Amino acid sequence: MLGGTEFVGRAISAAAVARGWQVTVFHRGNHTPPDGVTALHGDRGAAAGLEALAAERAGEWDAVVDTWSGAPSAVRDTARLLAGRAGTYAYVSSRSVYAYPAAYGLDEHGPVVAGSADDTGSEDYATAKRGGELAAVDAFGDRALLIRAGLILGPYENIGRLPWWLGRIARGGPVLAPGPREMALQYVDVRDLAEWTLDALEAGRGGAFNLVSEIGHATMGELLESCVRVTGSDAELRWTAPAEVLAAGIEPWTELPVWLAPGELRDAIYGADVAKALATGLRCRPVGETVADTWSWLRSIGGTAPQRPDRPVVGLPEEKEAAVLG
């Protein structure tokens, strides 16, 4: 496991240990890895950052999982190093690699952005992820598994989307709820992503897979109403039309996490064809379970979620919400 101490990598590492797998986590040492793993330390962004992994004593592996979202050259260097010492290379990519706007119902054969495995920059997320895909395929060929995830929610989330909603709703009172209530969401619980990934590795799968739930697995209403229920707050959801939300200058996705106004961006993010993942065993738990478990984790750490330094802080300023609610 390259990484494996924060969100997606942690979930995959923990699930693998729970299956009785022997897991080695290669990371910088900034966070505590899950119990039961062997840790190797190194910084993939440094010149000699792979020394611990390159050492002959480090070993060989049946599979590698890589969640890297920075410069593709780091994926290139690691994949080349491990090509003769590992079976399958699973790269956790993103549906952002599809050329924008991705059509509603797009499957894995849709057009993708340009990218390069030799790119040493990571300013553009989509091209960086595509470059990482190319690096994995270059080194492992059809043994490269490309996991094109969409919105990922669940315990240990360090982006802040579901934690923000839980925190806001826990404070109670009138809450700006962006409509329509029936808006279909498409996401994956990080633990369901982890289980599918391990199943795919065990089966020796390769190629690209869109990895999110079916369209409409949950709605915006079900997500927020689950937040009200698990927090036990007196929050009153005030459903507000998209036009009114936008007229107030509120930014979808960032200021109101998870929510998107009708249009091509919503179609692109919440309109993936996931038949291939479902046919290979993807199972998605109910939204209420994801919300409840995230709230339990959040409370266990004092109520404030960790924040990735390379991602913007999400959430709606109180004054903006108050202005819309009157």
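Definitions and limits used
Residues numbered from 1 in each chain as written. Predicted model: local features only at pLDDT ≥ 70, side-chain atom pairs only at ≥ 80, totals over all residues. Heavy atoms only, no water. Helix = DSSP H or I, 4+ residues; strand = E, 2+ residues; numbered from the N terminus. Rg over C-alpha atoms; globule rule 2.2 N^0.38 Å. Buried < 20%, exposed > 50% of the residue type's maximum accessible area, 1.4 Å probe, protein only. Contact = heavy atoms within 4.5 Å. Areas by Shrake-Rupley, 256 points an atom, 1.4 Å probe, with all protein chains shown as cover. Pairing = 2+ DSSP bridges. Right-handed = clockwise from strand over helix to strand, strands pointing away. 1 Å grid on protein atoms, 1.4 Å probe; cavity = no way out; pocket = protein on both sides within 12 Å on 5 of 7 lines; lining within 4 Å. Points joined across faces, edges and corners; volume = space filled by probe spheres on them. Core = buried A, V, L, I, M, F, W, Y, C linked by side-chain atoms within 4.5 Å. Salt bridge = Lys/Arg side-chain N within 4 Å of Asp/Glu carboxyl O. Expected span 1.5 Å × (residues − 1). Polar contact = N/O pair within 3.5 Å; in protein donor to acceptor, adjacent residues only side chain to side chain.

Student: Just checking my understanding: could you explain the overall build of the chain for this structure?
Tutor: In terms of helices and strands, the chain carries 12 helices and 12 strands. A globule of 326 residues ought to have a C-alpha radius of gyration of about 20 Å, and the chain, at 20 Å, matches this closely. C-alpha extents for the chain along the principal axes are approximately 65 × 40 × 35 Å. Out of the 326 residues belonging to the chain, those deemed buried represent 52%. Restricting the contact set of the chain to residue pairs at least 6 apart, pairs at least 24 apart contribute 76%. Working note: accessible area of the chain is about 13,900 Å², and carbon and sulfur atoms make up 49% of it.

Student: Before we go on, may I ask you to explain the pairing of strand E5 (residues 144-149) in this structure?
Tutor: Put simply, side chains in a regular strand alternate between the two faces of the sheet. For E5, the tally of buried residues reaches six of six residues, placing the bulk of the element in the interior. Residue alternation in E5 divides its side chains into two sets, Ala144, Leu146 and Arg148 and Leu145, Ile147 and Ala149, and both sets are buried. Note: strand E4 (residues 86-94) against E5, six bridges, orientation parallel. Bridge pairing links serine 94 to alanine 149 in E5. Between E4 and its parallel partner E5, the chain crosses via helix H4 (residues 125-140), and the hand of that crossover is right-handed. Judged from the five bridges that link them, E5 and strand E10 (residues 207-211) form a sheet pairing that is parallel. Considered in E10, the bridge of isoleucine 147 is made with phenylalanine 209.

Student: Would you mind going over the layout of surface pockets with me for this structure?
Tutor: Where empty space is left in the structure can be found by rolling a water-sized probe over the atoms. In this structure, the second largest pocket spans a volume of roughly 550 Å³. At the level of elements, helix H1 (8-18), strand E1 (24-27), strand E2 (38-41), strand E3 (61-66) and helix H6 (190-203) are the ones that each hand at least two residues to the lining of the second largest pocket. Tallying contributions element by element places E3 first for the lining of the second largest pocket, with five residues.

Student: Could you clarify how one ought to interpret the nonpolar core in this entry?
Tutor: Note that soluble globular proteins tend to have their nonpolar side chains buried in a common cluster. Ranked by internal contacts, the top residues of the largest apolar core, which has 38 residues, are Trp165 and Ile169. Where this core is concerned, the elements lending two or more residues are strand E6 (151-153), helix H5 (161-171), strand E7 (174-178), helix H7 (220-231) and helix H11 (287-300). Those residues within four positions of tryptophan 165 in sequence are excluded, and the remaining contacts are Val175, Leu176, Pro178, Met220, Leu224, Cys227, Leu256 and Pro257. Formed by 29 residues, the second largest nonpolar core is a distinct cluster that contains Met1, Val23, Ile152 and Ala200.

Student: When you look at the pattern of salt bridges in this model, what are you seeing that I'm missing?
Tutor: Evaluated as defined, the whole model comprises 20 salt bridges. Among the salt bridges present, the one from aspartate 138 reaches arginine 80, with a minimum N-O distance of 4.0 Å. One end of the pair, aspartate 138, is in helix H4; the other, arginine 80, is in helix H3 (residues 72-82), and 58 residues separate them in sequence. Judged by its relative accessible area of 53%, aspartate 138 falls in the exposed class.

Student: Would you mind showing me how to read H6 here?
Tutor: Every α-helix carries 3.6 residues per turn, so stepping three or four residues along brings you back to the same face. Here H6 spans 20 Å end to end across 14 residues, near enough to the 20 Å set by a 1.5 Å rise per residue. When H6 is considered as a whole, its buried residues turn out to be Val190, Asp192, Leu193, Ala194, Trp196, Thr197, Leu198, Ala200 and Leu201. Between the side-chain oxygen at the start of H6 and the backbone nitrogen of arginine 191 there is a gap of 2.8 Å, and the oxygen is on aspartate 189. At the C-terminal side of H6, glycine 204 shows a positive phi close to 70 degrees.

Student: Honestly, unusual backbone geometry in this entry has me stumped. Any pointers?
Tutor: Negative phi characterises most residues that are not glycine, and trans characterises most peptide bonds. In this model, tyrosine 100 is joined to proline 101 through a cis peptide bond whose omega is 0 degrees. Residue proline 180 is reached from glycine 179 by a cis peptide bond, and omega for that bond is 0 degrees. Position of proline 180 among the secondary structure elements: in the loop between E7 and strand E8 (184-185). With a phi angle near 75 degrees, tyrosine 156 is a residue other than glycine that sits in the positive phi range. Counting through the fold element by element, tyrosine 156 comes out in the loop between E6 and H5. The phi dihedral of valine 258 falls on the positive side, at around 80 degrees, and the residue is not glycine. Structurally, the position occupied by valine 258 is in the loop between helix H8 (242-247) and helix H9 (264-269).

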